[in-house]
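# An overview of the molecular structure
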Amino acid sequence: MANILIVGCGDIGCQLGEILSEQNHTVFGLRRNIEELPQNITPIQADLAFALPELPKEIDYIFYIASASKYKDSAYYQAYVLGVKHTLQALKNHNIKRFFFISSSSVFGQSDGEKVNENSPTSDLNFSTKRLLEGEELALNSKYPATIVRFGGIYGPGRTHLIDLVLAGKAHCMEDVWSNRIHSADCAGILAFLVNKDIAKPNTLESIYIGVDNEPTLSCEVYDWLSEQLCVPDVEHIEPKESSRQMRSNKRLSNARIVNLGYEFIYPDYREGYLSILDAMD
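Read on for a plain summary of the structure.

The rules behind these values
Residues numbered from 1 in each chain as written. Predicted model: local features only at pLDDT ≥ 70, side-chain atom pairs only at ≥ 80, totals over all residues. Heavy atoms only, no water. Helix = DSSP H or I, 4+ residues; strand = E, 2+ residues; numbered from the N terminus. Expected span 1.5 Å × (residues − 1). Buried < 20%, exposed > 50% of the residue type's maximum accessible area, 1.4 Å probe, protein only. Salt bridge = Lys/Arg side-chain N within 4 Å of Asp/Glu carboxyl O. Pairing = 2+ DSSP bridges. Axes fitted to C-alpha atoms, helices over the stretch in contact; angles between N-to-C directions. Disulfide = S-S within 2.5 Å.

Another point: helix H6 (residues 219-230). Across its 12 residues, H6 extends 17 Å between first and last C-alpha, which sits within 8% of the 16 Å expected from 1.5 Å per residue. Those residues of H6 that sit buried are Ser219, Cys220, Val222, Tyr223, Trp225, Leu226, Ser227 and Leu230. Phi turns positive, to about 55°, at cysteine 231, one or two residues after H6.

What follows is the structure, encoded as structure tokens:
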């Protein structure tokens, strides 16, 4: 069993920590507010904007799952660049077996419905993707083996923005625009799966994995399906706009690499994932 530190131990980090703890790994969770950590995660209180305190010497694996507090460049720099630098500095005397950096599929710049895999080119046309890519490079160029996991649009308990918009009658979707999703339970599941793979067969993981479910889907299909499940009026369909955020996500991401490695999804498509949320809401 391994000693695992989750840096930025928020929602997904806590889910991951509980899975790993149930598998008899020893889990440490680093965050500013440690009161919200589950009891089976050993707390480390720290702010990634500053130099970190001394970390336990026995740590084997790192998961870096920080997130920006605001959608502004300074917040992204602090979360994905400065925080990584401080983490690596605090680990300089440790023998880390692998550093997992959790990134986003937004670093892929394709926006015309293209099929995208881990070998597709990335783009740093805006500050958010620029900072994410900087963080990825810090991890990959460190002295430790590193793996980047680029998640698509994450939804799940506490992440019900789309459901809320549809319920409120404020949602609209763009015709012929693709979207890619993953349930938060599968985010944690993939990360636990990857670290256990590395423990079983060290240094056989790829440097990059895409984390999305099995079904890239046209956005309007998802919106229309949700409106039917919620028994509310149909969502407005509008023409695509090049400048829109929805348009920037217009690509079809492949999860073939993680599936071929052996991961089995808890929620393989948006229907199963959203139905679990709607059932809990009822």
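Further remarks concern the pattern of salt bridges. Enumeration over the complete set of coordinates arrives at 12 salt bridges. Salt bridges here are not isolated pairs; linked through shared partners, they connect Glu215, Glu221, Asp269 and Arg271.

Spatially, S3-S2-S1-S4-S5-S7-S12 is the arrangement adopted by the seven strands of the open sheet, whose pairing is parallel. With partners counted over all chains shown, the strands left at the sheet margins are strand S3 (42-45) and strand S12 (208-211), one partner each. Across this sheet, the average inter-strand angle for adjacent strands is 20°, counted without regard to direction. Both strand S4 (residues 61-64) and strand S5 (residues 98-104) contribute to a ladder of four bridges, which runs parallel. By the bridge assignment, tyrosine 61 is partnered in S5 with arginine 98.

Take the pairing of strand S7 (residues 146-151) next. With respect to burial, S7 is a largely interior element, six of its six residues being buried. Taking every second residue as pointing to the same face, both faces of S7 are buried, with Ala146, Ile148 and Arg150 on one and Thr147, Val149 and Phe151 on the other. As defined by bridge partners, S5 adjoins S7 across six bridges and the pair is classed as parallel. Looking across to S7, one finds that phenylalanine 100 is bridged to threonine 147. With four bridges connecting them, S7 and S12 associate as parallel partners. Residue pairing in the sheet places arginine 150 in a bridge with isoleucine 210 of S12.

So, about the state of the cysteines. All told, the structure shown has one disulfide when counted by the stated rule. Looking at the unpaired cysteine 14, the closest cysteine sulfur is the one in cysteine 9, lying at 4.1 Å. With no disulfide partner, cysteine 231 has as its closest neighbouring cysteine sulfur the one in cysteine 173, 18 Å distant. The exposure class assigned to cysteine 231 is exposed, which follows from its relative accessible area of 71%.

That's the geometry; what it means functionally is another story.
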